[in-house]
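Listed below are the residues making up each chain.
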Amino acid sequence: DVLLHTEVIVADEENKTVTHRVSMMDTYGKELAAYTCSTDSAYHVDTLTATDDGGFLFVLGFSDYARGDGWASDDGFASRVIKCDKNGAVQFDIPFDKIEGEALEFCFERNGKFYLFGTVQTPETKTQGVHSRTDIYMAIMDENGVLLRNQCIAGSDYDRLNMAECTDAGFVLSIRAQSDDGDFAESNSDGHAVDWVITVDDDLEITEKKKETGRSFFDRSLGEKN
């Protein structure tokens, strides 16, 4: 029964910095809590998630871009998962080193843990300035922000997570995969994207794989009525 909103309230073009404000409101627009932070302009707020304790969680995600004679990532980067309580006070602020915001696109709270899913340009094979080959990234954090586990569903080509859903069976991932190896060994893609629906359990272990079309990237739930 809350709304989450983010905005850039200050943008310093000369120094390439921005000030973000994340606010939580009731369904009538009354502000309940807010959090403000200043960052490099390569960071964007995404993955707004209301939490069971009355607070909220969001991702301060990095997205590389060219500037001057170099790249925003020249001095290193880390997307951050930030959890605030019902008053907007930070409970944890956890960096994910060399992980861009796209890898932390979906967040679910389940049994006192936070599950994050997205698409990662694998750090080991990432080439700066190039959208490098990708895998499906998954991570589990406890209520204190401790990273309990992270792993990938992977092949050697470009594989993208279109949608993640939380169900009684675990987490259902709708994927477009160009890989013909690894977890997509049966794709027979010949370099073309193939649709997969993969289910993982609460430990991120694959329990079911189907070569079929799931939900599309644009098929998003906006909210609930009645």
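The coordinates are above.
Residues numbered from 1 in each chain as written. Predicted model: local features only at pLDDT ≥ 70, side-chain atom pairs only at ≥ 80, totals over all residues. Heavy atoms only, no water.

*Asks:* Any chance you could explain the overall build of the protein here in plain terms?
*Replies:* On a plain count of helices and strands, the protein comes out with zero helices and 17 strands. The C-alpha atoms of the protein give 18 Å as radius of gyration, which agrees with the globular expectation for 226 residues (17 Å, within 12%). Over its C-alpha atoms, taken along the principal directions, the protein stretches across nearly 50 × 50 × 30 Å. Every one of the 226 residues in the protein was classed for burial, and the buried ones make up 43%. Pairs at least 24 residues apart make up 42% of the contacts formed inside the protein by residues separated by at least 6 positions. Carbon and sulfur atoms make up 45% of the accessible area of the protein, which amounts to about 12000 Å² in all. Side chains of the protein carry 21 positive and 44 negative charges; the gap between the two charge centres is 2 Å. (Helix = DSSP H or I, 4+ residues; strand = E, 2+ residues; numbered from the N terminus. Rg over C-alpha atoms; globule rule 2.2 N^0.38 Å. Buried < 20%, exposed > 50% of the residue type's maximum accessible area, 1.4 Å probe, protein only. Contact = heavy atoms within 4.5 Å. Areas by Shrake-Rupley, 256 points an atom, 1.4 Å probe, with all protein chains shown as cover. Lys, Arg positive; Asp, Glu negative; His and termini not counted. Charge placed at Lys NZ, Arg CZ, Asp CG, Glu CD.)

*Asks:* Would you take a moment to explain the side chain of Gln-121 for this structure?
*Replies:* Within the secondary structure, Gln-121 sits in strand E11 (residues 113–121). Given the relative accessible area of 13%, Gln-121 is considered buried. A polar contact of 3.0 Å, which involves the side chain of Gln-121, links it to the side chain of Glu-100. (Polar contact = N/O pair within 3.5 Å; in protein donor to acceptor, adjacent residues only side chain to side chain.)

*Asks:* How should I be thinking about the sheet that holds strand E5 (residues 56–62) in this particular structure?
*Replies:* Consider a sheet: its strands pair through backbone hydrogen bonds, and that pairing is either parallel or antiparallel. Strand order across the open sheet formed by four strands is E4-E5-E8-E9, with antiparallel pairing between neighbours. Of all the strands in the sheet, the pair left with one neighbour each is strand E4 (43–50) and strand E9 (90–97). Pairs of neighbouring strands in the sheet enclose a mean axial angle of 15°, with direction left out of account. Bridge count between E4 and E5: six bridges; the pairing is antiparallel. When the bridges of E5 are listed, Tyr-43 appears paired with Phe-62. (Pairing = 2+ DSSP bridges. Axes fitted to C-alpha atoms, helices over the stretch in contact; angles between N-to-C directions.)

*Asks:* I keep staring at the packing of aromatic side chains and nothing clicks. Help me out?
*Replies:* Here the structure, examined in full by the defined rule, presents ten aromatic pairs. Put simply, the rings of Phe-108, Tyr-115, Phe-117 and Phe-171 touch in pairs and so form one group of aromatic residues. Sitting over the ring of Phe-171, Arg-110 keeps its end group 5.1 Å from the ring centre. (Phe/Tyr/Trp six-rings, centres within 6.5 Å; stacked < 30°, edge-to-face > 60°. Lys NZ or Arg CZ within 6 Å of the ring centre and 35° of its normal.)

*Asks:* When you look at the side chain of Ser-179 in this model, what are you seeing that I'm missing?
*Replies:* If you trace the backbone, Ser-179 turns up in the loop between strand E15 (170–177) and strand E16 (194–200). Of the residues examined, Ser-179 reaches a relative accessible area of 1% and is grouped as buried. Polar contacts involving the side chain of Ser-179 include one to the main-chain amide nitrogen of Asp-157, which spans 2.8 Å. For Ser-179, the contacting residues outside a window of four places in its chain are Gly-155, Ser-156, Asp-157, Tyr-158, Asp-159, Phe-184, Ser-187 and Ser-189.

*Asks:* I would appreciate a short explanation of the pattern of salt bridges in the present structure.
*Replies:* Summed over the entire model, instances satisfying the criterion amount to twelve salt bridges. For Glu-102, the salt bridge is made with Arg-160, and the minimal N-O distance between the two is 2.4 Å. Note that Glu-102 is positioned in the loop between E9 and strand E10 (106–110) and Arg-160 in strand E14 (residues 159–167), a separation of 58 residues in sequence. For Glu-102, a relative accessible area of 29% translates into the label partly exposed. On the basis of relative accessibility, which here comes to 25%, the residue Arg-160 falls in the partly exposed class. For Arg-160, the salt bridge identified is with Glu-105, shortest N-O distance 4.0 Å. Taken together, the residues Arg-160 in strand E14 and Glu-105 in the loop between E9 and E10 connect sequence positions 55 residues apart. (Salt bridge = Lys/Arg side-chain N within 4 Å of Asp/Glu carboxyl O.)

Geometry only, nothing functional implied.
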